[in-house]
Amino acid sequence: MSKKTPWPKYNKTLPEMFYGMTARYPDETVFRFKKDGAWRDVTWREAEERVLSIASGLLAEGLEMGSAVAILSGNRPEWAYADLGILSTGVKNVPIYPTNTAAQVAYILEDSGSEFIVVEDGRQLDKVLQVKKDLPKLRRVVVMEPHAKQDDLVTDLDTLMKKGKASLDRAAIERRWKAVDPEDVATLIYTSGTTGNPKGVMLSHRNLVSNIQGISDFLSIKPGTRDLQFLPMCHSFGRMEVLGFMMYRGVVTFAESVEKIVDNFKEVRPQVFITVPRLLEKVHAKITGGVESGSAVKKALFSWALGVGSKAARARMEKRPLPAALGVQVRIADKLVFSKIKAALGGELEYLVYGAAPLAPEIEEFFAATGMSILGAYGLTETSPGLTGNLPDDFKLGTVGKPWADTEIRIAKDGEILARGPQIMKGYWNNEAATREVLDEEGWFATGDIGEVDADGFVKITDRKKDLIITAGGKNVAPQNIENFLKMDEAVEQVAVVGDRRKYLTALIVPNFEWLESFAKGKGIPGDRKAILASPAVKQEYERRLAEKNKNLAKYETIKRFELLPEEFTVENNMFTPTLKVRRKNVMAHYKDVIESMYPKE
């Protein structure tokens, strides 16, 4: 099978799917969002009106087929309207992370050749205006929120939509989107590389449609199924979540923010939640921290319930019927313990789907024990993104599931995962050399991840190829496994393991500052965060905890030295990717002197 396989099964475009839905289900709710303290519903008919108005406005501005329009915004319904309006005119959409700097925005706009950019608000507008002098091709900036500034360069979305509505020619728009071929590029998503300039991933309509259609084998999304959406829509994972729920008649409910997501769970009562490991780690830490601070009876009850739930999860995974006695115990455990955890997540959650990074096995097993279906999935921006996924009735904890429909997975001699299928990108925009490095003539894509496929066909990721640490003694170490293990400690928030070409491993540890402040108060340690971190008592406590963890690691995996860091890794300080994975090279570069201090003899 060559890279040029036509894949007729996915011979549709995104506009074709969208307008098919608006024709069939005009009065059903497709979006829900909160405004002025109240949740508002948007029907397919209302969404179509907005999309058509935007498409018509873009046509009126003279955008040609195949040109590019960027979106610089956080999640909101207007992101989806702009996306579909852009695609309806046969134009490429170029998503940009709202956390990007003005210089990063300028690079993407210049490299993609974007003529228009839709920005969220005045803050994002300022970034564009800072670099406009270096962007001769950029001729229009559209602000989603009402904006007083109106000139030859800047307008707002309401004005563009009014202009489009006044000149609306639905037949002209239909001619444009019907002229789009499934192999045409729908979007350029710039990967968040740790060094150098990002690369523009070219995803075609067929790439994205294949993932949308593949979701039906992965999740059962019935009409009206509620989703709580918070993953960035500018990332392929969050974008596919929105498109997938739309095309299966689910209700995409936009979370207000990460800070308000706990409240949103209770208000929305989602049946599906798609997330990244970082958030699950925080939820797990919050729950277990509350148990640890409780009575001995509470701890014992929690431990018993987890044991019962784990046995039941194992039986489900192995497709064995629950013994009658275990079934009774599960009902008791659910009533006394797990129902409270589920209530905090809205009380109706059926599927908890995670991807983008590894999740510690203990945390995955914890959620499985509560009775919820926790489904690990795997993919990359270059794969639209889905490659593999666990199914509610065919899953294996510790894996990322089996390949999606029409997807092939094989393992290279060095352990790298190779993939082929209809979701594999067309290549990197304006970068044939980089494309050839990862995509061969037969269509096999080199993922950069190290993994294995077990006898049952389940894929397991062990590490990133570039993240593997090779010690001075020649041992291959997967740092993510160690980091996930260390983060199970309540005193640890984040970890970056160091040791490539070194004699031993060390760790940069970001403490759980909430725990740290409580510890300091109990020990009578005065001062601010910096003073607390410098306290010998704090250092000794972390040494003690690390020594306990080291007992469960192979000798070459043990952490010999560590340093406590005064701030978290975040997207804003460029230590995290937008999907909350550690940018290892950035961390190593930023803390170079700290790292060297842990290797004094070297």
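Preceding this section is the structure that the text describes.
Reading the values: the criteria
Residues numbered from 1 in each chain as written. Predicted model: local features only at pLDDT ≥ 70, side-chain atom pairs only at ≥ 80, totals over all residues. Heavy atoms only, no water. Helix = DSSP H or I, 4+ residues; strand = E, 2+ residues; numbered from the N terminus. Buried < 20%, exposed > 50% of the residue type's maximum accessible area, 1.4 Å probe, protein only. Contact = heavy atoms within 4.5 Å. Areas by Shrake-Rupley, 256 points an atom, 1.4 Å probe, with all protein chains shown as cover. Patch = residues over 30% accessible without salt bridge, like charges linked within 9 Å, V, L, I, M, F, W, Y side chains within 5 Å. Salt bridge = Lys/Arg side-chain N within 4 Å of Asp/Glu carboxyl O. Core = buried A, V, L, I, M, F, W, Y, C linked by side-chain atoms within 4.5 Å. Pairing = 2+ DSSP bridges. Axes fitted to C-alpha atoms, helices over the stretch in contact; angles between N-to-C directions. Polar contact = N/O pair within 3.5 Å; in protein donor to acceptor, adjacent residues only side chain to side chain. Parallel < 35°, antiparallel > 145°, perpendicular 65-115°, else oblique. Left-handed = near helix turned anticlockwise from the far one by under 90°. Nonpolar A, V, L, I, M, F, W, Y, C, P; charged D, E, K, R; others polar. Expected span 1.5 Å × (residues − 1).

Colleague: Break down the overall build of the protein chain for me, with residues and values.
Modeller: Regarding its fold elements, the protein chain presents 21 helices and 26 strands. Overall, the C-alpha framework of the protein chain stretches about 70 × 60 × 55 Å when taken along its three principal axes. Per-residue burial over the protein chain gives 54% buried out of 602 residues. Long-range contacts, defined here as pairs at least 24 residues apart, represent 66% of the contacts in the protein chain between residues at least 6 apart. Carbon and sulfur atoms make up 51% of the accessible area of the protein chain, which amounts to about 26400 Å² in all.

Colleague: Could you give an account of a nonpolar patch on the surface, with specific residues and numbers?
Modeller: On the surface, Leu301, Trp304, Val328, Ile332 and Leu336 cluster together to form a nonpolar patch covering roughly 380 Å² of accessible area. Within the residue set of the nonpolar patch, elements represented by two or more residues are helix 12 (296-317) and helix 13 (324-344). Looking at where tryptophan 304 falls in the secondary structure, it is placed in helix 12.

Colleague: Can you explain the nonpolar core? Please cite residues and give values.
Modeller: If you look at the biggest cluster of nonpolar residues, it comprises 118 residues, and the most contacted ones within it are Phe31, Met246, Phe273 and Ile374. Excluding residues within four positions of it along the chain, isoleucine 374 makes contact with Leu280, Leu352, Tyr354, Leu359, Glu364, Phe367, Ala368 and Leu397.

Colleague: Just give me the short version of the sheet that holds strand 21 (residues 459-464), but keep the residues and values in it.
Modeller: In space, the four strands of this open sheet follow the order 17-18-20-21, with antiparallel pairing throughout. Of all strands in the sheet, those with a lone pairing partner are strand 17 (408-411) and strand 21, marking the two edges. Adjacent strand axes in the sheet meet at a mean angle of 50° when their direction is disregarded. Note that strand 18 (residues 416-420) and strand 20 (residues 445-453) share three bridges and pair antiparallel. Of the residues in strand 20, the one forming a bridge with leucine 418 is alanine 446.

Colleague: Give a detailed account of the pattern of salt bridges, specifying residues and quantitative values.
Modeller: Counting across every chain of the model gives 46 salt bridges. Of the charged contacts, one joins lysine 342 and aspartate 334 as a salt bridge, the two residues approaching to 2.8 Å between their closest N and O atoms. Residue classification places lysine 342 among the partly exposed positions, given a relative accessible area of 23%. The shortest N-O distance in the salt bridge between arginine 464 and aspartate 449 comes to 3.1 Å. Here the residue arginine 464 occupies a position in strand 21, and aspartate 449 occupies one in strand 20, the gap between them amounting to 15 residues. The class of arginine 464 is partly exposed, set by a relative accessible area of 29%. Bridged by salt links that share partners, the residues Arg278, Glu281, Lys282, Lys487, Glu493 and Glu568 form one connected network.

Colleague: Describe the side chain of arginine 420, naming the residues involved and giving the relevant values.
Modeller: By the element assignment, arginine 420 lies in strand 18. Take arginine 420: its relative accessible area is 10%, and that puts it in the buried class. Polar contacts involving the side chain of arginine 420 include one to the main-chain carbonyl oxygen of glutamate 442, which spans 3.1 Å.

Colleague: Provide a residue-level description of the environment of threonine 435, including the pertinent values.
Modeller: Examined against the element boundaries, threonine 435 turns out to sit in helix 15 (residues 432-438). With relative accessibility at 12%, the residue threonine 435 sits in the buried group. Taking the C-alpha atoms as reference points, threonine 435 and alanine 554, separated by 119 residues in sequence, lie 38 Å from one another.

Colleague: So what about the pairing of strand 9 (residues 200-204)? Which residues, and what values?
Modeller: Counting buried residues in strand 9 gives five out of five residues, a clear majority hidden from the surface. Burial along strand 9 is two-sided: the residues Gly200, Met202 and Ser204 and Val201 and Leu203 are all buried. Direction of pairing for strand 8 (residues 185-190) relative to strand 9: antiparallel, over a ladder of five bridges. Within strand 9, the residue paired with tyrosine 190 across the bridge is glycine 200. Both strand 9 and strand 19 (residues 427-428) contribute to a ladder of two bridges, which runs antiparallel. Looking across to strand 19, one finds that methionine 202 is bridged to glycine 427.

Colleague: Account for the pairing of strand 2 (residues 38-43), with residues named and values stated.
Modeller: The pairing of strand 1 (residues 29-35) with strand 2 spans six bridges and is antiparallel. From the neighbouring strand, threonine 29 faces strand 2, where its bridge partner is threonine 43. Hairpin geometry of strand 1 and strand 2 is characterised by an intervening segment of two residues between the two adjacent antiparallel strands and by a positive phi of about 55° at aspartate 36.

Colleague: Give me the sheet that holds strand 24 (residues 492-498): which residues, what numbers.
Modeller: Taken in spatial order, the three strands of this open sheet run 24-25-26, and their pairing is mixed. Each edge of the open sheet is held by one strand with a lone partner, namely strand 24 and strand 26 (559-564). Across this sheet, the average inter-strand angle for adjacent strands is 25°, counted without regard to direction. Direction of pairing for strand 24 relative to strand 25 (residues 505-511): antiparallel, over a ladder of six bridges. Counted as the bridge partner of alanine 496 is leucine 508 from strand 25. Strands strand 24, strand 25 and strand 26 of the sheet are contacted by helix 16 (residues 479-486), whose axis makes an angle of about 155° with strand 24.

Colleague: Quick rundown of the environment of isoleucine 482? Include the residues and the values.
Modeller: Within the element layout of this structure, isoleucine 482 appears in helix 16. Taking C-alpha positions, isoleucine 482 is 30 Å from alanine 344, a pair spaced 138 residues apart along the chain. Excluding residues that lie within four positions of it along the chain, isoleucine 482 makes contacts with Val477, Val497, Leu505, Leu553, Glu557 and Ile559.

Colleague: For the packing of helix 2 (residues 44-60) against helix 3 (residues 77-88), give the residues involved together with the corresponding values.
Modeller: Where helix 2 contacts helix 3, the axes come no closer than 8 Å and their chain directions differ by 50°. On the basis of the axis angle, helix 2 is oblique to helix 3. Regarding helix 2 and helix 3, the two cross each other, and that crossing is right-handed. Of helix 3, the residues touching helix 2 (which contributes Ala47, Arg50, Val51, Ile54, Ala55 and Leu58) are Tyr81, Ala82, Leu84, Gly85, Ile86 and Ser88. Grouping the constituent residues of the contact of helix 2 with helix 3 by class yields nine nonpolar, two polar and one charged.

Colleague: An account of helix 19 (residues 536-550) is needed here, citing residue identities and associated values.
Modeller: Spanning 15 residues, helix 19 covers 21 Å between terminal C-alpha atoms, matching the ideal 21 Å at 1.5 Å per step. When helix 19 is considered as a whole, its buried residues turn out to be Val538, Glu541, Tyr542, Arg545, Leu546, Lys549 and Asn550. Those residues of helix 19 hidden inside the fold are in contact with helix 16, strand 24, strand 25, helix 17 (513-523), helix 18 (529-533) and strand 26.

Colleague: Quick rundown of the side chain of threonine 381? Include the residues and the values.
Modeller: For threonine 381, the position within the fold is in the loop between strand 14 (373-379) and strand 15 (386-389). Classification of threonine 381 as buried rests on a relative accessible area of 11%. Those residues in contact with threonine 381, other than ones at most four positions away along the chain, are Ile189, Thr191, Val201, Leu203, His235 and Ser236.

Colleague: For unusual backbone geometry, give the residues involved together with the corresponding values.
Modeller: With omega at 5°, the peptide bond leading from serine 384 into proline 385 counts as cis. Its location among the elements puts proline 385 in the loop between strand 14 and strand 15. For arginine 249, which is not glycine, the phi dihedral falls at a positive 65°. By secondary structure assignment, the location of arginine 249 is in the loop between helix 9 (236-247) and strand 11 (251-254). A positive phi is found at arginine 501, a non-glycine position, where the angle reads about 65°. By secondary structure assignment, the location of arginine 501 is in the loop between strand 24 and strand 25. We classify arginine 501 as exposed; its relative accessible area is 67%.

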